[in-house]
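So you can see what is in the structure, the chains are spelled out below.
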Amino acid sequence: MYGSLSIVEYDNHGKKYHEEDPKKLAEFEARIERGEKIEPMDWMPYEYRRQLIRMIEQHAHSEIIGALPEGTWITRAPGFKRKLALLAKVQDEVGHAQLLYSAAETLGKSREEMINDLISGKSKYSNVFNYPAVTWADSAIIAWLIDAGAIINQVTNAKGSYGPYCRALERICYEESFHLKYGYDNVVHLATGTPTQRQMVQEALNRWWTPIMHFFGPPDKASVHSEILMKWQVKMASNDAMRQEFLNMYVPKIWELELVIPDPNLKKNSNGVWEYTEPDWDEFMRVINGDGPCNKERLAVRRVAEEKGRWVRKALLSPTEKYVTPLA
Ligand code: COA
């Protein structure tokens, strides 16, 4: 897969890494320092490629799985206009996955391999999509606050070093900004509605607060990949910096709606830094490693989609052959 690269693999006390040609590596890092974009056919270190595949692939999976919790509300959305809007949003999310799978493919991993790694449980995807959208208010909180978190991450990383990923992120951000407005509109509607509607949205916020705090990744001191990703300008801000940015932008908006954030210790200190109760990081580890409330259900749905859609993909790849649609 990395045929053109000179890669030497060492086993250093059980840890494998790749030694690169120092001259090529220095040139590569100088390009990044100058703010140049790295393109698919350019020389890149093995580890840069590996990290990008890991991250973009996980991101793509998150978009395709992310369509599921909100997707369950399409048939039950209150009113025709909301149904249409939600349908369009969910379609956008699946489209984001297509863009991201294409960006990851430029690095040498095929879409088929990526999908197989998703449905076998080998690849990760965002923690948040392993929780259920219990009520309509949950779908409103997802569209507002999860999409807000995603925008903070994506706007920041769109300024990064790998061309195809940055271009995909830019395009995704335009659509996500619209999703955020849609989500905010739904939350405002509920928060300014009847006491029952207010209670619904408050309960949804209570359910989603911990997953949202987890969404930006483990605290910087526990982040495994940040150092190298930030050095090579793939990640343009640390996990904690993005979490702070989210709190800065959205806590005031949540308070404005007179909703209560379920963390009595949440406050901005005199240095302008948000202090909060650490979310349960053991729960985070369980959820991202396959043991969250909906992990099994989410992967089962994707498996069915993969199996039932196989004949369509085959037909598209070989349009001259005649395929018989399998009976449901
Ligand atoms: N959900 C699931 N897994 C997560 C996660 C999350 N919210 N945050 C971190 N992790 C995983 C990482 O993927 C990594 O696992 P791995 O080594 O098995 O691949 C592990 O936890 C350690 O975290 P860290 O070293 O901090 O990972 P990272 O430097 O890749 O940072 C993100 C995590 C999510 C900030 C980063 O990968 C990213 O920006 N991804 C692209 C955006 C994205 O995927 N958004 C999700 C949906 S819109």
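Right above here is the structure, for reference.
None of the values given here were measured: they were computed from a predicted structure. (Residues numbered from 1 in each chain as written. Predicted model: local features only at pLDDT ≥ 70, side-chain atom pairs only at ≥ 80, totals over all residues. Heavy atoms only, no water.)

### Observations regarding the overall build of the chain
To keep it simple, the criterion reads: The numbering of helices and of strands both runs from the N terminus, where a helix is a DSSP run of H or I of at least 4 residues and a strand a run of E of at least 2. All radius of gyration figures rest on C-alpha atoms, and the globule criterion is 2.2 Å times the number of residues raised to 0.38. Accessibility here uses a 1.4 Å probe with only protein chains present; expressed as a share of the type maximum, an area under 20% marks a residue as buried, one over 50% as exposed, and anything in between as partly exposed. For this analysis, residues touch if any pair of their heavy atoms sits within 4.5 Å. Per-residue and other accessible areas follow the Shrake-Rupley method at a 1.4 Å probe size, with only the shown protein chains counted as cover for residues. Positive residues here are Lys and Arg, negative ones are Asp and Glu, while His and the chain termini are left out of the count. Charged groups are reduced to one reference atom each: NZ for lysine, CZ for arginine, CG for aspartic acid, CD for glutamic acid.
The number of helices and strands found in the chain is 12 helices and 4 strands. For 328 residues, the compact-globule estimate of 2.2 N^0.38 gives 20 Å, and the chain sits close to it at 21 Å. Referenced to the eigenvectors of the C-alpha coordinate spread, the extents of the chain come out at roughly 65 × 65 × 35 Å. The buried share of the chain, taken over its 328 residues, is 47%. Considering only intrachain contacts with a sequence separation of at least 6, the fraction spanning at least 24 residues in the chain is 74%. Of the roughly 17000 Å² that the chain leaves accessible, carbon and sulfur atoms contribute 57%. For the chain, the distance from the average position of its 42 positive side-chain charges to the average position of its 45 negative side-chain charges is 4 Å.

### Some remarks on the site of the ligand
Heads up, the condition is: When we say a residue is near a molecule or strand, we mean one of its heavy atoms is within 4 Å of it. What qualifies as a polar contact is a pair of N or O atoms within 3.5 Å, subject to a donor-acceptor requirement within protein and to the restriction that residues adjacent in sequence count only when both atoms come from side chains. Each residue is assigned to one class: nonpolar for Ala, Val, Leu, Ile, Met, Phe, Trp, Tyr, Cys and Pro, charged for Asp, Glu, Lys and Arg, and polar for all the others, Gly among them.
Within the structure, the ligand sits among 28 residues, and Gln58, Lys124, Val224, His225 and Lys235 are positioned closest to it. Between the ligand and His225 there is a distance of 2.6 Å, counted from an oxygen atom to a side-chain nitrogen or oxygen. Separating an oxygen atom of the ligand from a side-chain N or O atom of Asn239 is a distance of 2.8 Å. Coverage of the ligand by the protein amounts to 89% of the 890 Å² it exposes when considered alone. Contributing elements (two or more residues each) for the shell around the ligand: α2 (46–71), α5 (136–157), α7 (195–215), α8 (226–231) and α10 (281–288). Among the elements that take part in the shell around the ligand, α2 stands out by supplying 5 residues, more than any other. Broken down by class, the residue content of the shell around the ligand amounts to 11 nonpolar, 14 polar and 3 charged.

### Some points on the environment of Tyr165
Inspection of the secondary structure assignment puts Tyr165 in helix α6 (residues 163–191). Exposure remark for Tyr165: the relative accessible area of 3% places this residue in the buried category. A sequence separation of 86 residues divides Tyr165 from Val251, and the C-alpha atoms of the two residues are 29 Å apart. Looking at Tyr165, its side chain comes within polar contact range of the side chain of His59, at 2.8 Å.

### Description of the packing of aromatic side chains
Definition in use: Stacked, tilted and edge-to-face are the three classes assigned to paired rings of Phe, Tyr and Trp, where Trp is represented by its six-membered ring and a pair needs centres within 6.5 Å; plane angles under 30 degrees give stacked, over 60 edge-to-face, the rest tilted. For a lysine, the NZ atom is tested; for an arginine, the CZ atom; a charge sits over a ring if that atom is within 6 Å of the ring centre and within 35 degrees of the ring normal.
Applying the stated criterion across every chain, the model contains 15 aromatic pairs. Relative to Tyr184, the ring of Trp144 lies with its centre 5.0 Å away and its plane at 45°, an arrangement referred to as tilted. On the criterion of sequence distance, the pair formed by Trp144 in helix α5 and Tyr184 in helix α6 is long-range, its members being 40 residues apart. What makes Trp144 buried here is its relative accessible area of 1%. Residue Tyr184 is classed as partly exposed on the basis of its relative accessible area of 27%. When the centroid spacing of 6.2 Å and the interplanar angle of 80° are considered together, the rings of Trp144 and Tyr250 count as edge-to-face. In this pair, Trp144 is assigned in helix α5 and Tyr250 in helix α9 (residues 239–256), connecting sequence segments 106 residues apart. Taken individually, Trp144 and Tyr250 each receive the classification buried, so the pair is uniform in this respect. Connected via pairs of aromatic rings, a cluster forms that spans Trp144, Tyr184, Trp209, Phe215, Phe216, Phe246 and Tyr250. Geometry around Trp73 places Arg76 over its ring, the cationic atom sitting 3.8 Å from the centre.

### Side note on the packing of helix α11 (residues 295–308) against helix α12 (residues 310–317)
The relative placement of two packed helices comes down to the angle between their axes together with the axis-to-axis distance. Filter applied, for reference: The axes used here are C-alpha line fits, helices contributing only the stretch in contact, and every angle between their N-to-C directions lies in the interval 0 to 180 degrees. Small angles under 35 degrees read as roughly parallel and large ones over 145 as roughly antiparallel, with 65 to 115 read as roughly perpendicular and the rest as oblique.
Where α11 meets α12, the axes come as close as 4 Å, and the angle between the chain directions of the two elements is 40°. Comparing the axis directions of α11 and α12 gives the class oblique. Only Arg310, Trp311 and Arg313 of α12 make contact with α11, whose side of the interface consists of Glu306, Glu307 and Lys308. When its residues are assigned to classes, the contact of α11 with α12 shows 1 nonpolar, no polar and 5 charged.

### A look at the pattern of salt bridges
Definition in use: Any Lys or Arg side-chain nitrogen located within 4 Å of an Asp or Glu carboxyl oxygen qualifies as a salt bridge.
One pass over the full model with this rule turns up 19 salt bridges. Linking Asp42 and Arg31 is a salt bridge whose minimum nitrogen-to-oxygen distance equals 3.0 Å. Here the residue Asp42 occupies a position in the loop between α1 (22–33) and α2, and Arg31 occupies one in helix α1, the gap between them amounting to 11 residues. Taken together, the shared-partner salt bridges in this structure form one network comprising Arg31, Arg34, Glu36 and Asp42.

### Some points on helix α3 (residues 80–105)
Owing to its 3.6 residues per turn, the α-helix aligns residues three or four sequence positions apart on the same side. Rules: Take the residue count of a helix, subtract one, and multiply by 1.5 Å to get its expected span.
Between the first and last C-alpha of α3 there are 38 Å, a value that for 26 residues agrees with the 38 Å anticipated at 1.5 Å per step. The complete set of buried residues in α3 reads Leu86, Lys89, Val90, Glu93, His96, Ala97, Leu100, Tyr101, Ala103 and Ala104. Where α3 is buried, its residues contact α2, α4 (111–119), α5 and α6.

### Details of the packing of α2 against α3
Test applied: Working rule for handedness: look at the near helix, and if it is turned counterclockwise from the far one by less than a right angle, call the crossing left-handed; if clockwise, right-handed.
Orientation of α2 relative to α3, taken along the N-to-C sense of each, is 165°, at an axis distance of 8 Å. The orientation of α2 relative to α3 falls into the category roughly antiparallel. Judged by the twist between their axes, the crossing of α2 over α3 is left-handed. Every residue of α3 that contacts α2 at Ile56, Glu57, His59, Ala60, His61, Glu63, Ile64, Ala67, Glu70 and Gly71 is listed here: Leu86, Lys89, Val90, Glu93, Val94, His96, Ala97, Leu100, Tyr101, Ala103 and Ala104. Residue classes in the contact of α2 with α3 are distributed as 12 nonpolar, 4 polar and 5 charged.

The analysis is restricted to geometry; functional conclusions fall outside its scope.
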